[in-house]
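Architecture and fold: a report
Residues per chain are reported as follows:
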Amino acid sequence: KFKIVNIIRVTHGTLNFALPLVVYVLCGANLTLITLSLCMSRVLIIYLMYKSVVTETNFTKTAAYSKKELKLLLRFGSWMTLSNLLNPIMDVLDKFVLSAKLGAVNIAFYTVPFDLLSRLFILPTAVTSVAFPKFSELWASYSSELNQLYRATLILVVLFMLCVCIFMG
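Residues numbered from 1 in each chain as written. Predicted model: local features only at pLDDT ≥ 70, side-chain atom pairs only at ≥ 80, totals over all residues. Heavy atoms only, no water.

1. So, the overall build of the chain
What the chain contains, in helices and strands, is six helices and zero strands. The C-alpha atoms of the chain give a radius of gyration of 22 Å, which is well past the 15 Å a tight globule of 169 residues would have. Expressed as lengths along the three principal axes of its C-alpha atoms, the size of the chain is roughly 60 × 50 × 35 Å. Burial analysis of the chain (169 residues in total) assigns 12% to the buried set. Sequence-distant contacts, at least 24 apart, represent 49% of the contacts inside the chain between residues at least 6 apart. If you sum the accessible surface of the chain, you get close to 14,000 Å²; carbon and sulfur atoms cover 73% of it. The centroid of the 15 positive side-chain charges in the chain is displaced by 7 Å from the centroid of its 7 negative side-chain charges. (Helix = DSSP H or I, 4+ residues; strand = E, 2+ residues; numbered from the N terminus. Rg over C-alpha atoms; globule rule 2.2 N^0.38 Å. Buried < 20%, exposed > 50% of the residue type's maximum accessible area, 1.4 Å probe, protein only. Contact = heavy atoms within 4.5 Å. Areas by Shrake-Rupley, 256 points an atom, 1.4 Å probe, with all protein chains shown as cover. Lys, Arg positive; Asp, Glu negative; His and termini not counted. Charge placed at Lys NZ, Arg CZ, Asp CG, Glu CD.)

What follows is the structure in structure tokens.
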């Protein structure tokens, strides 16, 4: 159900930028109201996700759950939670260490090129996000087209990145 998930994700992304702007235009730079609007948008997105899961899976509150499956989900979820907590810290830790060693004034020489290069991941992420539903479909049907799509996607990403790297060089 990639269409439903993508519609909700686009709605979430739009609300993340539009609501603070609307609050700013209507109420000024009130950080409390801007934060509240973002929290309300998250609650709306959680509700939309919940409704889509209930609708698409015929979810019932009386459904039986396997302890084994629950254990697997909790194990996976704990790693996801830990990863989502540690990744942002690891993303900025190098800047703090360099700032402490070299001084904050020198960090711009590192962070600007680093941020520019890290933003280049947008291109492969976009290509693979578009190809992912087809990968899933082909994987599920054990189609021989999977290797062809994989190679075509890989070549497309390599060509995109090669063009960008040549242009930047």
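2. Considerations on the environment of Pro124
Among the secondary structure elements, Pro124 is positioned in helix H5 (residues 122-140). As for Pro124 and Leu33, which are separated by 91 residues in sequence, their C-alpha atoms are 36 Å apart. Among all residues touching Pro124, those that are not within four sequence positions of it are Val157 and Met161.

3. Comments concerning the packing of aromatic side chains
Evaluation of the coordinates by the stated rule reveals one aromatic pair. With centroids separated by 5.5 Å and ring planes inclined at 15 degrees, the aromatic side chains of Tyr110 and Phe114 adopt a geometry described as stacked. Taken as a pair, Tyr110 and Phe114 lie in helix H4 (residues 108-119) at a separation of four residues, close to a single helical turn. (Phe/Tyr/Trp six-rings, centres within 6.5 Å; stacked < 30°, edge-to-face > 60°.)

4. Things to note about the environment of Thr125
As for its position among the elements, Thr125 is in helix H5. In the structure, Thr125 is positioned 32 residues away from Val157 in sequence and 9.1 Å away in space, judged by C-alpha atoms.

5. Brief notes about the packing of helix H3 (residues 67-102) against H4
Between H3 and H4, the least distance of the axes is 10 Å, while the angle of their chain directions is 160 degrees. Between H3 and H4, the crossing angle belongs to the class labelled roughly antiparallel. Seen from above, H3 lies across H4 with right-handed handedness. On H4, the residues touching Asp94, Lys95 and Leu98 of H3 are Tyr110, Thr111, Phe114 and Asp115. Partitioning the contact of H3 with H4 into residue classes produces three nonpolar, one polar and three charged. (Axes fitted to C-alpha atoms, helices over the stretch in contact; angles between N-to-C directions. Parallel < 35°, antiparallel > 145°, perpendicular 65-115°, else oblique. Left-handed = near helix turned anticlockwise from the far one by under 90°. Nonpolar A, V, L, I, M, F, W, Y, C, P; charged D, E, K, R; others polar.)

6. Examining the state of the cysteines
Counted according to the given criterion, the structure contains zero disulfides. The thiol of Cys39 is not disulfide-bonded; the next cysteine sulfur, from Cys27, is found 16 Å away. We note that Cys165 lacks a disulfide partner, and the nearest cysteine sulfur, in Cys163, lies 9.4 Å from it. (Disulfide = S-S within 2.5 Å.)

7. A few points about helix H2 (residues 31-57)
Because each turn of an α-helix spans 3.6 residues, side chains separated by three or four positions end up pointing in the same direction. Spanning 27 residues, H2 covers 39 Å between terminal C-alpha atoms, matching the ideal 39 Å at 1.5 Å per step. Listing the buried residues of H2 in full gives Ile34, Ser37, Ser41, Ile45 and Ser52. Its buried side turned inward, H2 meets helix H1 (2-27). (Expected span 1.5 Å × (residues − 1).)

8. Topic: the environment of Glu56
Tracing the backbone through its elements, the reader meets Glu56 in helix H2. Distance from Glu56 to Lys1, taken between C-alpha atoms, is 8.3 Å for residues 55 residues apart in sequence. Among residues more than four places away in sequence, those in contact with Glu56 are Lys1 and Ile4.

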